Amino acid sequence: MTEVVVPTADEMRALGRRLAEQLRPGDLVVLAGGLGAGKTTLVQGIGAGLGVTGAVVSPTFVIARVHRDGRVPLVHVDAYRLGSVDEVDDLDLDASLEESVTVVEWGDGLVEGLAADRLEVRLARSSDPADDTRRVSLTGVGERWVTADLSP
């Protein structure tokens, strides 16, 4: 596990760009953290690092957005309103998993069955509302992540 302290939204996007350098087709990234923890901001950086030219915004109301214009397609999912693994299965994420980078916000406990290998990212914000600092822990699960460089 790697821990990173991220002081600003710009630094969160920069972390996402650095993570994107490690990502390849078939990768599943599971994001966990409370409201306002920086999940979508991190995905904006991942999108930029993958070469996505359009806006990367929260897919809260549409559940999933697909960005095809980068070096690897990015599937960005928000599982906040999904209540079960069956509802995740209804999205057919496994149909595009092999050729895309799939990033799932609020996916903890719902999407781990999609892939044996995944990157788990936990984001936590300071308890001080005036402090924008976030703590990010990165944990690679499975053989795919054994040799990945997750250093900041």
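Remember, it's a predicted structure, so these values are computed and weren't measured experimentally.

Here we come to the nonpolar core. Grouped together as the largest cluster of nonpolar side chains are 28 residues, with contacts concentrated most on Val121 and Val136. Where this core is concerned, the elements lending two or more residues are β1 (2-6), α1 (9-22), β2 (28-32), α2 (39-50), β5 (101-105), β6 (118-125) and β7 (134-141). Discounting residues that sit within four places of it in the chain, Val136 has contacts with Thr2, Glu3, Val4, Val6, Met12, Leu15, Val121, Arg122 and Leu123. Core analysis: the next-biggest nonpolar cluster, separate from the first, contains eleven residues, Val30, Leu110, Val111 and Ala115 among them.

For the structure shown, the criterion picks out four salt bridges. Among the salt bridges present, the one from Arg122 reaches Asp108, with a minimum N-O distance of 3.0 Å. Residue Arg122 is located in strand β6, and its partner Asp108 is located in the loop between β5 and β6; the two are separated by 14 residues in the primary sequence. For Arg122, a relative accessible area of 39% puts it in the partly exposed group. A salt bridge links Arg118 to Glu120; its shortest N-O distance comes to 2.9 Å. Just as Arg118 is buried, Glu120 falls in that class too.

We now examine the side chain of Thr40. Tracing the chain through its elements places Thr40 in helix α2. Taking the relative accessible area as the measure of exposure, Thr40 reaches 18% and is therefore buried. Polar contacts involving the side chain of Thr40 include one to the side chain of Glu105, which spans 2.8 Å. Setting aside residues up to four positions removed in sequence, Thr40 forms contacts with Val56, Val57, Ser58, His76 and Glu105.

What counts, and where the lines are drawn
Residues numbered from 1 in each chain as written. Predicted model: local features only at pLDDT ≥ 70, side-chain atom pairs only at ≥ 80, totals over all residues. Heavy atoms only, no water. Core = buried A, V, L, I, M, F, W, Y, C linked by side-chain atoms within 4.5 Å. Buried < 20%, exposed > 50% of the residue type's maximum accessible area, 1.4 Å probe, protein only. Helix = DSSP H or I, 4+ residues; strand = E, 2+ residues; numbered from the N terminus. Contact = heavy atoms within 4.5 Å. Salt bridge = Lys/Arg side-chain N within 4 Å of Asp/Glu carboxyl O. Polar contact = N/O pair within 3.5 Å; in protein donor to acceptor, adjacent residues only side chain to side chain.

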